[in-house]
Amino acid sequence: MSALSIAANPFPRGIDHYLIGGLFVGLGITVIYLGTGILAGNSTFLETTLSYVSDLPRFQREKYVASRDWRVVFAVSIVAGAAVYEFGFTAGAFVTEVQWWRLLGGGILVGIGTRIGKGCTSGHGVSGIASLSRTSIVNVALFIGVAVAIALIVAALGVTP
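Please read these numbers as outputs of a predicted model, since none were measured by experiment.

The rules behind the values
Residues numbered from 1 in each chain as written. Predicted model: local features only at pLDDT ≥ 70, side-chain atom pairs only at ≥ 80, totals over all residues. Heavy atoms only, no water. Helix = DSSP H or I, 4+ residues; strand = E, 2+ residues; numbered from the N terminus. Contact = heavy atoms within 4.5 Å. Lys, Arg positive; Asp, Glu negative; His and termini not counted. Charge placed at Lys NZ, Arg CZ, Asp CG, Glu CD. Buried < 20%, exposed > 50% of the residue type's maximum accessible area, 1.4 Å probe, protein only. Core = buried A, V, L, I, M, F, W, Y, C linked by side-chain atoms within 4.5 Å. Patch = residues over 30% accessible without salt bridge, like charges linked within 9 Å, V, L, I, M, F, W, Y side chains within 5 Å. Areas by Shrake-Rupley, 256 points an atom, 1.4 Å probe, with all protein chains shown as cover. Salt bridge = Lys/Arg side-chain N within 4 Å of Asp/Glu carboxyl O.

Q: Mind showing me how you'd approach the overall build of the protein chain here?
A: The helix and strand inventory of the protein chain stands at seven helices and zero strands. For the protein chain, the succession of helices and strands along the chain, N to C, is α-α-α-α-α-α-α. Taken along its principal axes, the extent of the C-alpha atoms in the protein chain is 50 × 35 × 35 Å. In the protein chain, 48% of the contacts between residues at least 6 apart in sequence involve partners at least 24 apart. When the 10 positive and 7 negative side-chain charges of the protein chain are each reduced to one mean point, those points stand 11 Å apart.

See below:
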């Protein structure tokens, strides 16, 4: 699919599933905030998970130990929710033509970005913007701006999966 065809029709499969997913993300984050008073985000998932197995002081900080159980449930629920949707409401399992090393590299870069940006898209994009955090608004603008720029560059170079 060329950059022009994407620009002409950015949602070829419609927007319904994005809308439903967004509503569920918003609902989940609202429930977490009302139940715990914590702004939900998944960027600290790795550190909170490592607090189960590592005695290093970095991973044994009170904020990680106190919130690790619900953060694990939060992260597992993201994957489980996507799996339920994919297997329950679509024709089959999600398949991509993107090579494994690109997915791994992208995941590593996203992980680095969440550490540098002090949060992830759900933390900044949903909770942060909803609470009118200037830091979150700037971070989301940067996330989106960099993503659009990289997507346009990659498409202009003719890179395919």
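Q: I tried to follow the environment of Phe11 on my own but got confused; where do I start?
A: Looking at the secondary structure, you find Phe11 in the loop between helix H1 (3-8) and helix H2 (16-36). Residue class for Phe11 comes out partly exposed when judged on its relative accessible area of 43%. For the pair Phe11 and Ile137, spaced 126 residues apart in sequence, the C-alpha separation works out to 25 Å.

Q: Is there a simple way to think about the nonpolar core in this case?
A: Burial of nonpolar side chains together is a common tendency in soluble globular proteins. By size, the foremost hydrophobic cluster in this structure holds five residues: Ile29, Ile32, Ala40, Trp70 and Phe74. For this core, the secondary-structure elements that each account for two or more residues are H2 and helix H4 (62-89). Beyond its immediate sequence surroundings of up to four residues, Trp70 is in contact with Ile32, Ile38 and Ala40.

Q: How should I be thinking about a nonpolar patch on the surface in this particular structure?
A: Together, Trp100, Trp101, Leu104, Ile108, Leu109, Ile112 and Ile116 make up an exposed nonpolar region whose accessible area comes to about 850 Å². Structurally, Trp100 is set in helix H5 (residues 100-116). Residue classification places Trp100 among the exposed residues on the basis of a relative accessible area of 64%.

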